[in-house]
Amino acid sequence: MSAAHAVPLLETRALSMRFGGVVAVDNVSLTVAEGELRCLIGPNGAGKSTFFKCLTGQLRPSSGRILWRGRDITGADSFAIARLGIGIKTQVPSLFDGLSVLESVVLAVRRLHSEATSRARAVAALARLEIEHLAGRQVGLLAHGQRQLVELAMVVAPEPGLIILDEPTAGMSAEETRRAAELIRELNRRHTIIVVEHDMQFIRSIASAVTVFHQGRVLMEDRVERVLADPRVRDVYLGKSAERAKIPA
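Each chain has its residues counted from 1, running along the sequence as written. Whole-chain, interface and lining totals are the exception, using all residues; otherwise, since this is a predicted model, local features are given only for residues with pLDDT of at least 70 and side-chain atom pairs are given and counted only at 80 or more. The basis for every side-chain value is the complete set of non-hydrogen atoms in the structure, without hydrogens or water.

A. Looking closely at the overall build of the protein. Only DSSP runs of H or I covering at least 4 residues are called helices, and only runs of E covering at least 2 are called strands; the numbering of each starts at the N terminus. Assigned secondary structure in the protein consists of 10 helices and 10 strands. We take the radius of gyration over the C-alpha atoms and set the globule estimate at 2.2 Å times the residue count to the 0.38 power. In terms of overall dimensions, the protein is globule-like: its C-alpha atoms have a radius of gyration of 18 Å, near the 18 Å expected for 249 residues. Taken along its principal axes, the extent of the C-alpha atoms in the protein is 50 × 40 × 40 Å. Note on exposure labels: buried denotes an accessible area under 20% of the residue type's maximum, exposed denotes more than 50%, and partly exposed covers the range between, all computed with a 1.4 Å probe on protein chains only. When burial is assessed residue by residue, the protein has 49% of its 249 residues classed as buried. Methods summary: accessible areas were calculated by the Shrake-Rupley approach with a probe of 1.4 Å, and residue burial reflects only the protein chains presented. Accessible surface computed for the protein: about 11,800 Å², of which carbon and sulfur atoms make up 50%. We score Asp and Glu as negative and Lys and Arg as positive, and we do not count His or the chain ends. For this purpose, a charge sits on NZ of Lys, CZ of Arg, CG of Asp or CD of Glu. Averaging the locations of the 32 positively and 27 negatively charged side chains of the protein gives two centres separated by 3 Å.

B. The packing of aromatic side chains, seen in detail. Ring geometry is summarised as follows: Phe, Tyr and Trp rings, the Trp one being its six-membered ring, pair when their centres sit within 6.5 Å, and such pairs are stacked at plane angles under 30 degrees, edge-to-face over 60 and tilted between the two. Following the criterion strictly, the structure yields one aromatic pair and no others. Seen in terms of ring centroids, phenylalanine 51 and phenylalanine 213 are 5.2 Å apart; in terms of plane orientation they differ by 45°. Their pairing is tilted. Here phenylalanine 51, found in helix α1 (residues 48-55), pairs with phenylalanine 213, found in strand β9 (residues 209-214); they are 162 residues apart in sequence, far enough to count as distant.

C. Spatial organisation of the side chain of serine 100. Tracing the chain through its elements places serine 100 in the loop between β6 (86-89) and α3 (101-110). The exposure class assigned to serine 100 is buried, which follows from its relative accessible area of 14%. In what follows, a contact means two residues having at least one pair of non-hydrogen atoms within 4.5 Å. If we skip the residues at most four places from it in the chain, serine 100 touches Ala135, Gly136, Arg137, Gln138 and Val139.

D. How the structure looks around unusual backbone geometry. For glutamate 130, which is not glycine, the phi torsion reads 60° and is therefore positive. Mapping glutamate 130 onto the fold places it in the loop between α4 (115-128) and α5 (144-156). The phi torsion at glutamine 215 lies on the positive side, around 55°, for a residue other than glycine. By the element assignment, glutamine 215 lies in the loop between β9 and β10 (217-223).

E. Molecular detail of the confidence of the model for the protein. When pLDDT is averaged across the protein, the result is 89; 93% of the residues are at 70 or more. A low-confidence stretch, residues 240-249 stays under pLDDT 50, and its non-local contacts, those more than four residues away or across chains, total 16 contacts. Confidence scores per residue from the predictor, reported as pLDDT, run from 0 to 100.

F. The arrangement of the packing of α3 against α5 in detail. For helices, the axis comes from a line fit to the C-alpha atoms of the stretch in contact; other axes are also lines fit to C-alpha atoms, and the angle between any two N-to-C directions lies between 0 and 180 degrees. Where α3 contacts α5, the axes come no closer than 8 Å and their chain directions differ by 30°. Classified by the interaxial angle, the pair formed by α3 and α5 is roughly parallel. Where α3 crosses over α5, the two elements pack in a sense that is right-handed. Contacts from Val101, Ser104, Val105 and Ala108 in α3 reach Val150, Ala153 and Met154 in α5. Here the residues of the contact of α3 with α5 sort into six nonpolar, one polar and no charged. Every angle not falling under 35 degrees, over 145, or within 65 to 115 is termed oblique; those three ranges are roughly parallel, roughly antiparallel and roughly perpendicular. Rotating anticlockwise by less than a right angle from the far helix to the near helix defines a left-handed crossing, while the corresponding clockwise rotation defines a right-handed one. Lys, Arg, Asp and Glu make up the charged group, whereas Ala, Val, Leu, Ile, Met, Phe, Trp, Tyr, Cys and Pro make up the nonpolar group; the residues left over, Gly among them, are polar.

G. Geometry of the state of the cysteines. Two cysteine sulfur atoms form a disulfide, by the criterion used here, when they sit within 2.5 Å. For the structure shown, the criterion picks out zero disulfides. The structure places no disulfide on cysteine 39, whose sulfur is separated from the nearest cysteine sulfur, that of cysteine 54, by 20 Å.

H. Just the pattern of salt bridges, in detail. By convention in these notes, a salt bridge is any Lys or Arg side-chain nitrogen within 4 Å of a carboxyl oxygen on Asp or Glu. Applying the stated criterion across every chain yields a total of 18 salt bridges. Residue aspartate 26 is joined to arginine 217 by a salt bridge in which the shortest nitrogen-to-oxygen separation is 2.7 Å. Of this pair, aspartate 26 sits in strand β2 (residues 22-32) while arginine 217 sits in strand β10, and the two are 191 residues apart along the sequence. The class of aspartate 26 is partly exposed, set by a relative accessible area of 22%.

In structure tokens form, the structure reads like this:
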């Protein structure tokens, strides 16, 4: 199959999510190709987090379809989606505080592989994220930024085809955020990645293609430079704080 006619890795078709009379996601059609690094941005209330929850099986869409490699997975639960090869990292780390870092990552792989394979993949994931020195540490004693990296290792270790990250730098320091950007770019060499984020400076450091959400719909989709320069994005996303945020026009 030629690249022009290749089946997208992930696709949504007219996806909508309604809560009573409130339309949180409104007729969103999105296509993500194999190997892509796509960023979904928008102000609070734009619908991006609800869209994330629909993609990851936390919410069942009111209408529309979600396709994974051409297969309809609309309404599948999070466990089934993970088994398809989609790694999910939520905004707040979901970890077992009583386990060691290595035990936590092994556990994330164990549902799919043998003990020996799980351990090998866990060790490799910690090395890729440069946190192998934390392997024996108890998770509950780690700092917030370290916990974020441990959960990322848990997502990476099973070698998913797609990684979806919801605000991966939430609560991180400037240095941790810089390092996270480097890690995401490195991971993109082997994984397709979708990042749901609101930090425009962070997006600028990692993104090539950006989809902007506003009021539940896709406002625009383009290269990051064009998105950041677009007056509509500056108006709906940054508003009067655009100049203070020092986003280049």
